[in-house]
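Structure assessment
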Amino acid sequence: MIPVTAVTFLVATLAISGFPLLSGFFSKDEILASLYSGGHTFFWAAGLFTAVLTAFYMTRLYVLTFEGAARMDYKTKSRVHESPAVMTVPLVVLAVLSVIGGLLGVPEFIGESVGFHYTGLIEKFLSSSVVVHHGAEYASSHHFGHWTLVGFSVLAAFAGILGGVLVYYRGREKTAIVSGQAADAVHRGSFNKWYVDEIYEAVFVSPFNYISGLSSDFDRSVIDRSLDGLSDFVRNISRRLSALQSGLLRYYAAAMVGGVVVIIVLLFIYGSAAS
């Protein structure tokens, strides 16, 4: 129905999956090799697993889109047609580059093995402006050598591609391998986003709301009932003392005279007692 789009999409799928000798194969291999050579074994293993998943979901995308019976009504199917040249020509160019573009990044150890002398062209081009770490430089203490790591990379690509073909080639209703409770569990987990929202709710939101509730209870039972009483006492005292501030000078003068008299009387009393 749309052969140019289908073929170019297949090439892109294989390239992204890391199929040997396509462009994605060399880039993926260099990334994984750099992780391993840097001593980041955990991240290398995580990257290898991610490569399997990438090949799997890209194969799924291609198979469900271009292979098997169409899952659309006749009216929709009748309107599907090949894109014009303004779209297909760029797709063909990109597909060709996906096939031959990897030759710009062939590692030296692979090039030396097959007699290909134009290796690491991208690294050489960028060496004057950036620091390029060669993924093929491994310490002697590492367990895996050059070709062993390449083998892992190839196995990851083929495992993902093979899994995608076996699971989805017969269509959603006739899955070849994944079936039964395992498939249902995976589907439920994916549909519910692996319960990330529920986990976040249980770990962060609910405890925060609980602590906020305790703080609110403390505020009502302690602050409002206890300290508010103190504030009422201070307010009453200040109200009574404010009555003394009448603004009349004769009252202030009388208060001063009274205070002086009280002080003189106290001094006289203490002086008599002391003598």
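What this report covers is the structure whose coordinates are included nearby. Since the model is a prediction, treat every value here as computed from it, not as a measurement. Once a new chain begins, its residue numbering starts again from 1 and follows that chain's sequence as written. Selection of residues for local features in this predicted model requires a pLDDT of at least 70, selection of side-chain atom pairs for listing and counting requires 80 or more, and totals for whole chains, interfaces and linings are taken over all residues. For side-chain calculations, the full set of non-hydrogen atoms in the structure is used, while hydrogens and water are omitted.

**A closer look at the overall build of the protein chain**
What counts here: Numbering of helices and strands starts at the N terminus; helices are DSSP runs of H or I of at least 4 residues and strands are runs of E of at least 2. Relative accessibility under 20% of the residue-type maximum defines a buried residue, over 50% an exposed one, and the middle range a partly exposed one, all with a 1.4 Å probe and only protein chains included. Contacts were defined at the residue level, with two residues in contact if any of their heavy atoms lie within 4.5 Å. Surface accessibility follows the Shrake-Rupley procedure with a 1.4 Å probe radius. Residue values consider only the protein chains on display as shielding.
Along the backbone of the protein chain there are eleven helices and zero strands. Ordered by position from N to C terminus, the α and β elements of the protein chain give α-α-α-α-α-α-α-α-α-α-α. For the protein chain, the proportion of its 275 residues judged to be buried stands at 21%. Residue pairs at least 24 apart in sequence account for 69% of intrachain contacts in the protein chain once pairs closer than 6 positions are excluded. For the protein chain, the accessible surface area stands at approximately 19,600 Å², while carbon and sulfur atoms represent 69% of it.

**Overview of the packing of aromatic side chains**
Note the following rule: Pairing of aromatic rings covers Phe, Tyr and Trp, the last through its six-membered ring, and needs centres within 6.5 Å; plane angles under 30 degrees mean stacked, over 60 mean edge-to-face, and all others mean tilted. When the NZ atom of lysine or the CZ atom of arginine is within 6 Å of a ring's centre and also within 35 degrees of its normal, the charge is said to sit over that ring.
All told, the structure shown has ten aromatic pairs when counted by the stated rule. On the basis of an interplanar angle of 20 degrees and a centroid distance of 6.4 Å, the ring pair of Phe9 and Tyr62 is categorised as stacked. Residue Phe9 is found in helix 1 (residues 3–17), and its partner Tyr62 is found in helix 3 (residues 41–66); the two are separated by 53 residues along the sequence. Look at Phe9 and you get partly exposed, because its relative accessible area is 26%. Geometry around Tyr168 places Arg60 over its ring, the cationic atom sitting 5.1 Å from the centre.

**Quick word on the nonpolar core**
Basically, it comes down to this: Buried Ala, Val, Leu, Ile, Met, Phe, Trp, Tyr and Cys residues form a nonpolar core when they are joined through side-chain atoms within 4.5 Å.
Counting residues in hydrophobic clusters, the biggest one holds seven residues: Leu32, Tyr36, Trp44, Leu48, Ala51, Leu149 and Ala156. Elements with a contribution of two residues or more to this core: helix 2 (23–37), helix 3 and helix 8 (146–168). Among the elements that make up this core, the one with the highest residue count is helix 3 (three residues).

**A few points about the environment of Val99**
Counting through the fold element by element, Val99 comes out in helix 5 (residues 85–100). As for Val99 and Gly24, which are separated by 75 residues in sequence, their C-alpha atoms are 9.1 Å apart. The residues contacting Val99, other than those within four sequence positions of it, are Val11, Leu21 and Leu22.

**Brief notes about the packing of helix 3 against helix 8**
Here is the rule: Working convention: axes come from line fits to C-alpha atoms, limited for helices to the stretch in contact. Angles between N-to-C directions cover 0 to 180 degrees. Here a crossing is called left-handed whenever its near helix is offset anticlockwise from the far helix by less than a right angle, and right-handed whenever the offset is clockwise.
Two elements in contact, helix 3 and helix 8, have axes separated by 7 Å at closest approach and are oriented at 35 degrees. Once helix 3 is placed against helix 8, the crossing between them reads as right-handed.

**Observations regarding unusual backbone geometry**
With a phi angle near 75 degrees, Leu21 is a residue other than glycine that sits in the positive phi range. In this structure, Leu21 sits in the loop between helix 1 and helix 2. The exposure class of Leu21 is exposed, given its relative accessible area of 60%.

**A look at helix 1**
Think of an α-helix as turning once every 3.6 residues; residues three or four places apart then point the same way. Defined as follows: One fewer than the residue count of a helix, multiplied by 1.5 Å, yields its expected span.
Helix length check: helix 1, at 15 residues, gives a terminal C-alpha distance of 21 Å against a target of 21 Å (1.5 Å per residue), a fit within 8%. Among the residues of helix 1, those classed as buried are Thr5, Ala6, Thr8, Val11, Thr13, Ala15 and Ser17. For helix 1, the elements touching its buried residues are helix 2, helix 3, helix 5 and helix 8. Once helix 1 ends, the next one or two residues include Gly18, with phi positive near 85 degrees.

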